[in-house]
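# Coordinate analysis (summary)
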Amino acid sequence: MELNEIDDDIEAFLVESYENLNQIEGDIIELEKASGNGEALVRIYRSLHTLKGNCGFLPFPNLESLAHAGENLLSCLRDRQLAITPEIISILLQTVDSIGQILSQIQATKHDGDRNYSALIVALTQLSETKQTPKVSQSSVNTQTPQIDAVGGDVESFNYELTEISTQTTSESAYIRVNVNLLDQMMNLVGELVLARNQVIGFSTKFKDNSFAATCQHLSLLTAELQEGVMKTRLQPISSIWQKFPRVTRDLAIASGKQVEVEMEGADTELDKSIIETIKDPLTHLVRNCMDHGIELPAERVACGKPSVGRLFLRAYHESGKVNIEIGDDGRGLNLEQLKGRSQQLGLVNAVQAATMSESEAMNLIFLSGFSTAPQVTYLSGRGVGMDIVKSNIEKINGTVEIYSQQGQGTTFKIKIPLTLAIIPALILSSGGNSYAISQGSLLELVRLETFNSIEILYDVPVYRLRGNLVPLIYLNQVLQQNSVSNLETLSLVIVQVDNYRFGLVVDTIEDIQDIVVKPLGRQLKALSLFAGATVLGDGTVALIIDVVALANRTGITAKQKHLLSENAANSQEQADSRQTILLFEGPQGARMGIPLAIAFRLEEILTSAVEKVANQHVLQSNGQILPLIDLYKIFSDSDRFYNQALATVAETLQIIIVSPYSELSVGLVVDRILDIVEEPLTIKGIPSRPGVLFCAVIQGQITEIIDIETVIRIANPHLLQLATHD
């Protein structure tokens, strides 16, 4: 066998062994919770048996001996010759750790090393022989029975393996292992294809050729599907991180004398592999902090009227195109006064700042560098000694972390992160003659001002009153030390959000939202902290990607927000409960209409040529999904714009509002024109004017019809609503 073939065999052996090891550790923890779990025992036995058998093909005698000793103990447990005890669980976990050490040695040196594990093997052997009841072997009765496994197996286990193989062959053959480097290369090629697609679409807008436009549309759809498919190959379930946490909490609970129960929800939620690697350490740190600082000792919990066993929970779910991860406990919660006092002792804030800060600001003190409430740092954690690193690592991948805590009830950390970092939707804008991009995940809304008189100065900060709330402004050309080339008669604002704050970015022009490929900055530009990377636009120009967090920190806008928030609270407290945010648009025959912004998912402008018809339903292929379209002309008048105009003007654009009245249902409302987003109290209401209208209201001094989305869908296609309610 050639050397490269041996290396390939070792690599395949390591991949399979690590998978088996992760499965073993999880099953051992599960076995400790329910000692009668026979399925867990069988899975552990099978995994160790497979690991030992694979060692027979490679020169790893130390690993083979250790796995064989562990397999013998599992055989006794499986056959009910031994009872499961904490001592057995601990030595099995120690065996897992030792196997992990040997695998690491093999990965580094291609051999299993000369470390002595004889003491552990002796301990496993002694446990196997303790309280073991004599059992007559089949081989002593029938000498003709073949010895199937020369290193410790028997006919029964061999038959079991055959049964398992026959039942799993079909499912296992549906998967193959692919080198991550190959997937990365494919992702890079797809990124270049997206850039080429954007350039071709840019050319199509310059030529009035229907055939070329249709071909570009088809290319765009195929590229989007290929992009989604390749991105899915890089997705991994978050359970690949979480499977370590039961072992971590068990060890920490034993070391600290606490009792903890771990609950996991959404372990199959998938993330890009690169993000999985980035968040592994921050999530582990949060779990350790919940164990050390959050959950109390059993006696303390009982004295407070709580169960003696603490609860540590982990949740993951998809929401609004992002992954939400929640890690929390039902422990003592955060003592805000203690946090303020400790921060003053460490010189991180002064007395005035501590007295005027809000609850949210006080909770965020734990993210300050060097902050800790522990009198001395233990190996368990040290909240603050690393919490700032947790926050910065999450923000590096365009994520956010929020804290929700109630004293005596517990603390929850909520993390929001994107699905992937390779290709992201971004807003393209210009300032000083250069193009820039901002991740769509940071955007709230876009505002166009017709006059500079709307800008006020408050506490030496330029602000704009957006629906009664003061929004501080940052002039991008001033931060970048550029000359503005914007039209003096208009002003373009990009409203973005950082943590719990929002601010407006004043730019020259706002272009469009595109899928961009994130390229890292070169070594010469690494010092430019304002930018998170770069991308190539459809016209071939390079656009820098703005890091809104770094921009807020550079300008100090978050510190100035404290005064503005108090001003906002004073201005809007009276009408806060009655205000609603409404998306206004122009409907059929110039009618002024609106819907609650909460159900509006996004706004799009599409070509009429992209609309297809399936049976009696017009649809649009959008982001890998088939989106039903509802033309309000057909609902509120007798005309049908698709039938009358689609064939005549292929290049005509349509404005659609994608709404989601249910989580399982999204439809696109075709409207004439998007007007505005307003926040007003709907105190003046009138009866519905016609079917499909919920009620009439006076908004900005004009009568506006508030659309009843469910009724509109029922009129257009009641089958859509039946499917949503059925799901």
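Residues numbered from 1 in each chain as written. Predicted model: local features only at pLDDT ≥ 70, side-chain atom pairs only at ≥ 80, totals over all residues. Heavy atoms only, no water.

## Concerning the overall build of the protein
Put simply, the test is: Here a strand is any run of E in DSSP of at least two residues, a helix any run of H or I of at least four, and the numbering for each starts at the N terminus. Only protein chains enter the calculation, and the probe is 1.4 Å; a residue is then buried if its accessible area is under 20% of its type maximum, exposed if over 50%, and partly exposed in between.
The helix and strand tally for the protein stands at 24 helices and 30 strands. Out of the 727 residues in the protein, the part that is buried amounts to 44%.

## What to know about the packing of helix H3 (residues 61–78) against helix H5 (residues 118–129)
Helix packing for two helices is described by the angle between their axes and how far apart those axes are. This is how the line gets drawn: Think of each axis as a best-fit line through the C-alpha atoms, taken over the contacting stretch in the case of a helix, with angles from 0 to 180 degrees between the N-to-C directions. Angular relationships are summarised with four words: roughly parallel below 35 degrees, roughly antiparallel beyond 145, roughly perpendicular across 65 to 115, and oblique for the angles in between. Each crossing gets its hand from how the near helix is turned against the far one by less than a right angle, where anticlockwise is left-handed and clockwise is right-handed. The criterion used for residue contact is that any of the two residues' heavy atoms lie within 4.5 Å. In this classification, Asp, Glu, Lys and Arg are treated as charged, Ala, Val, Leu, Ile, Met, Phe, Trp, Tyr, Cys and Pro as nonpolar, and every other residue, Gly included, as polar.
For the pair H3 and H5, the least separation of the axes is 9 Å and the interaxial angle reads 20°. Put simply, H3 runs roughly parallel to H5. Considering only the axes of H3 and H5, their crossing is left-handed. When H3 is examined against H5, the residues Ser65, Leu66, Ala69, Gly70, Asn72, Leu73 and Cys76 are found in contact with a partner set consisting of Leu120, Ile121, Leu124, Leu127 and Ser128. Partitioning the contact of H3 with H5 into residue classes produces eight nonpolar, four polar and no charged.

## Re unusual backbone geometry
Positive phi, normally seen in glycine, also occurs at Ala615, with a value near 60°. Tracing the backbone through its elements, the reader meets Ala615 in the loop between strand E22 (611–614) and strand E23 (617–622). Residue Gln700 is not a glycine yet carries a positive backbone phi of 55°. For Gln700, the location among the structural elements is in the loop between strand E29 (693–699) and strand E30 (702–707).

## Quick word on the nonpolar core
The following threshold applies: To define a nonpolar core, start from buried Ala, Val, Leu, Ile, Met, Phe, Trp, Tyr and Cys residues and group those joined through side-chain atoms within 4.5 Å.
Formed by 45 residues in total, the largest nonpolar core has its most connected members in Trp242, Leu271, Ile279, Leu283, Ile325 and Ile417. A per-element tally of this core places helix H12 (residues 273–294) first, with eight residues. Not counting residues up to four positions away in its chain, the partners in contact with Ile417 are Leu271, Ile275, Ile279, Lys322, Val323, Ile325, Ile394, Ile397 and Gly399. With 40 residues, the next largest nonpolar core counts Leu41, Leu48, Leu74 and Tyr117 among its residues.

## Description of the pattern of salt bridges
So the rule is basically this: Only one rule defines a salt bridge in this text: a Lys or Arg side-chain nitrogen within 4 Å of an Asp or Glu carboxyl oxygen.
Inspection of every chain in the model, using the stated rule, returns 21 salt bridges. When the shortest N-O distance is used, the salt bridge between Lys273 and Glu277 registers 3.7 Å. Of this pair, Lys273 and Glu277 both sit in helix H12, four residues apart, which is roughly one turn of that helix. Residue classification places Lys273 among the partly exposed positions, given a relative accessible area of 23%. For Glu277, a relative accessible area of 42% gives the class partly exposed. Between Asp330 and Arg301 there is a salt bridge, and its shortest N-O distance comes to 2.9 Å. Taken together, the residues Asp330 in the loop between strand E5 (322–329) and helix H14 (336–345) and Arg301 in helix H13 (residues 298–303) connect sequence positions 29 residues apart. In this pair, the class of Asp330 matches that of Arg301, namely buried.

## A word on the sheet that holds strand E13 (residues 469–475)
Selection rule: When DSSP finds two or more bridges between a pair of strands, those strands are recorded as paired.
What the six strands build is an open sheet, ordered E10-E14-E15-E13-E12-E11; its pairing is mixed. The two strands at the open ends of the sheet, each matched to only one other strand, are strand E10 (443–449) and strand E11 (455–458). On average, each strand axis in the sheet is tilted by 40° relative to the strand beside it, whichever way the strands run. Of the strand pairs in this sheet, E13 and strand E15 (residues 501–507) are connected by three bridges, and their pairing is parallel. Note on E15: the bridge partner recorded for Leu473 is Gly504.

## Some remarks on a nonpolar patch on the surface
Rule in force here: For patches, a residue must show more than 30% relative accessible area and have no salt bridge; joins then use 9 Å for like charges and 5 Å for nonpolar side chains, namely Val, Leu, Ile, Met, Phe, Trp and Tyr. Computed by Shrake-Rupley with a 1.4 Å probe, the accessible areas treat only the displayed protein chains as cover when residues are assessed.
Side chains of Ile176, Val178, Leu182 and Met186 sit close together on the surface and give an oily, nonpolar patch of about 360 Å² of accessible area. Assignment of secondary structure puts Leu182 in helix H8 (residues 180–204). Judged by relative accessible area, which is 42%, Leu182 ranks as partly exposed.

## Some points on the environment of Tyr117
You can see Tyr117 is positioned in the loop between helix H4 (86–109) and H5. Sequence separation between Tyr117 and Leu63 is 54 residues, and the spatial gap between their C-alpha atoms is 9.2 Å. Look past the residues within four positions of Tyr117 in its chain and what remains in contact with it is Ser98, Gln101 and Ile102.

## Describing the pairing of E30
Sheet topology places strand E20 (residues 592–596) next to E30; two bridges connect them, and they run parallel. Directly across from Gly594, in E30, lies its bridge partner Ile706. Pairing of E29 with E30, which is carried by six bridges, proceeds in the antiparallel orientation. Bridge pairing links Ile699 to Gln702 in E30. Counting the residues that bridge the hairpin from E29 to E30 gives two residues, and of these Gln700 lies at a positive phi of roughly 55°.

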